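Here's the letter readout for the chains.
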Amino acid sequence: MTGPLTAHAVRAVDQLPVRLGGEHMPRRPEWTCDTCPDTDTPWPCPPALVRMAEYHGGDDAALAAYLGALDIAAYADQPDALRHELRRIGPAR
Ligand SMILES: [Zn+2]
């Protein structure tokens, strides 16, 4: 995949360590959490969602846009999985 959508997704992934404080980061290309005790925990795990929601300060639209960019990155890594999972979870409240 090329173009602005890919650049947007790459930027979103690059911002993850800041938004998550370096914990509950996605393992790629599996998109499972690298911090939760269960190594199969799909990312975003609940703590990751809480941290991202806190980062956005309740701005659900911004959080949804950010998750959408990550969705593109997950899709690039693994076209057949996790896209659905990211969509299902959506913005935390
Ligand atoms: Zn986690």
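Residues numbered from 1 in each chain as written. Predicted model: local features only at pLDDT ≥ 70, side-chain atom pairs only at ≥ 80, totals over all residues.

**Here's the deal with helix α4 (residues 60-77)**
Compared with the 26 Å implied by 1.5 Å per residue over 18 residues, the 25 Å span of α4 between its first and last C-alpha is a close match. Considered for burial, the residues of α4 that qualify are Leu63, Tyr66, Leu67, Leu70, Ala73 and Ala74. Seen along its axis, α4 keeps its buried residues to an arc of 110 degrees; they face one direction. (Helix = DSSP H or I, 4+ residues; strand = E, 2+ residues; numbered from the N terminus. Expected span 1.5 Å × (residues − 1). Buried ≥ 20, exposed ≤ 12 C-beta atoms within 10 Å, placed from the backbone. Arc of directions from axis to C-beta.)

**Here's the deal with unusual backbone geometry**
Look at the link from arginine 28 to proline 29: it is a cis peptide, with omega at 5 degrees. In this structure, proline 44 follows tryptophan 43 across a cis peptide bond, with omega equal to 5 degrees. Structurally, proline 44 can be placed in the loop between β2 (32-33) and α3 (46-55). Positive phi is not limited to glycine here, since histidine 24 has a value of about 55 degrees. Within the element layout of this structure, histidine 24 appears in the loop between α2 (16-20) and β1 (26-27). Given 22 C-beta atoms within a 10 Å radius, histidine 24 is considered buried. A positive phi is found at tryptophan 31, a non-glycine position, where the angle reads about 60 degrees.

**Points about the nonpolar core**
Ala48, Tyr66 and Leu70 are the most contacted members of the largest nonpolar core, which has 14 residues in total. Looking at this core, the elements that each hand over two or more residues are α2, α3 and α4. Looking at this core element by element, the count peaks at six residues for α4. (Core = buried A, V, L, I, M, F, W, Y, C linked by C-beta atoms within 7 Å.)

**Things to note about the confidence of the model for the chain**
In the predicted model, the chain carries a mean pLDDT of 84, and 80% of its residues have values of at least 70. The lowest-confidence element of the chain is helix α5 (residues 83-89), averaging 52 in pLDDT; the highest-confidence one is α2, averaging 96. (pLDDT = per-residue confidence, 0-100.)

**Description of the environment of glycine 68**
Looking at where glycine 68 falls in the secondary structure, it is placed in helix α4. For the pair glycine 68 and histidine 8, spaced 60 residues apart in sequence, the C-alpha to C-alpha distance is 9.9 Å.

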